[in-house]
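The residues making up each chain are set out below.
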Amino acid sequence: MLQDHPAYYMKERNTWIISKHEHVQFILKSPAFIRERSRLETEPAVMDSRWRNINELVQDWMLFRDPPTHTRLRSHVAYAFTPKTLEQSKPRIRSIAENLAADMLKETNPEVIHDFAFPLPVMVIADMLGVPQEDRNIFKRWSNSLARLLDVTFLSEEQLDEGDLAAAEIRDYFRQQVRARERNPKEDIISELIHVENKEHLLSEEELINNCILLLVAGHETTVNLIGNGMTLLIEHPESYKLLHNQPELIPSAVEEMLRYESPVQFTNRTAGEDILLGDTLIRRGQEVFVSLGAANRDPAVFRDPNHFDIARKKNRHLSFAAGPHFCIGAPLARLEAITAFQVLLKQCPALRFSGPKPIWRNQILFRGLEALHVKL
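We now turn to the structure provided with this report. (Residues numbered from 1 in each chain as written. Predicted model: local features only at pLDDT ≥ 70, side-chain atom pairs only at ≥ 80, totals over all residues. Heavy atoms only, no water.)

## Overview of the environment of Leu293
By secondary structure assignment, the location of Leu293 is in helix H13 (residues 293-296). As a C-alpha pair, Leu293 and Ala322 span 29 residues in sequence and 7.6 Å in three-dimensional space. Residues in contact with Leu293, not counting those within four places in the same chain, are Val24, Leu28, Ser263, Val265, Gln266, Phe267, Thr268, Leu319 and Ser320. (Helix = DSSP H or I, 4+ residues; strand = E, 2+ residues; numbered from the N terminus. Contact = heavy atoms within 4.5 Å.)

Structure follows, in structure tokens:
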């Protein structure tokens, strides 16, 4: 599509798929492309009461809001991802990674996703939110159900029912966490947002709860994929694996190439808020636009030899964290987690290879990630 149909129209969905890096970046940055489709509707959309919990959860996600609401919600969460906060988190992240890697290597049949890539970001974001580590297994079920709702494929009623139940359960869980923090504040994101709600009156309780859930879901789904995809690439490219082991200072550059080459998120979408000419393509007001981050990250107009995995690549202008107002707020944390993960894995595991079944990819379009990655020394 990037080569032959960089702007492809799906008539049955009145939707465009855009692949060129230049155009993808323009759409992500342009205020003419919006998130809140309701702004274009003459009548408010009717909420399907059967999946009320899903609607009530995502309606407050800053991911789906435009300025000024998006700006307000994002500004209150941003403090958790400042350089100072992340610097303070470094020792804890390294400790978690080292303990997980050591435990993984004790297993007779290590599996990188279950034993390492999933628990690392979950434990980190749980720490930041101030919720108990022992709840991380139930987080996985909730997160998987809710992440599936973001995919662009058709969802069955059974999957929607499962997602609605997860939305109800996780909102109730975080409401209990808010009540506990109101009685006994801590140094965590929930306590900080309660302060904003009570003192500054710029955040409702529902917005607080729903965006904490967004941080949990978005904050670990993508990082799990980044670590799993990156480890797979290193095993598939043993020369890069060896080079990184010998020159760990290249790990930050390698992480950027992993993000580009196997983008953890492949698509995002916008709606045209007005008629817009994109190159030779006229996109009409109200039409949905899917931008292909994965294709843009392989655009030869921007990346030299784009289908070559190069851990020392210079000027790596990938769009894996999007761009513009919705640039991933957790990008600094994701980078820190991935860099720490590979520093630890490469030190403790100088040579891994596939064991048993080949890497098993998740059956999704939006997210690019593995179900399982069995390895051996």
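## Observations concerning the sheet that holds strand S4 (residues 267-272)
The mixed open sheet is built from five strands, whose spatial order is S1-S2-S7-S4-S3. Both outer strands of the open sheet, strand S1 (7-10) and strand S3 (33-34), are each paired with one neighbouring strand and no more. In the sheet, S3 pairs with S4 via two bridges, with the strands oriented antiparallel. Bridge pairing links Phe33 to Ala272 in S4. Strands strand S2 (15-18), S3, S4 and strand S7 (288-292) of the sheet are contacted by helix H1 (residues 21-29), whose axis makes an angle of about 125° with S7. (Pairing = 2+ DSSP bridges. Axes fitted to C-alpha atoms, helices over the stretch in contact; angles between N-to-C directions.)

## Describing the side chain of Glu221
Inspection of the secondary structure assignment puts Glu221 in helix H10 (residues 205-236). At 3.2 Å, the side chain of Glu221 forms a polar contact with the side chain of Ser143. Side chain to side chain, Glu221 and Arg362 meet in a polar contact 3.0 Å long. Among residues more than four places away in sequence, those in contact with Glu221 are Ser143, Asn144, Ala147, Arg362 and Phe367. (Polar contact = N/O pair within 3.5 Å; in protein donor to acceptor, adjacent residues only side chain to side chain.)

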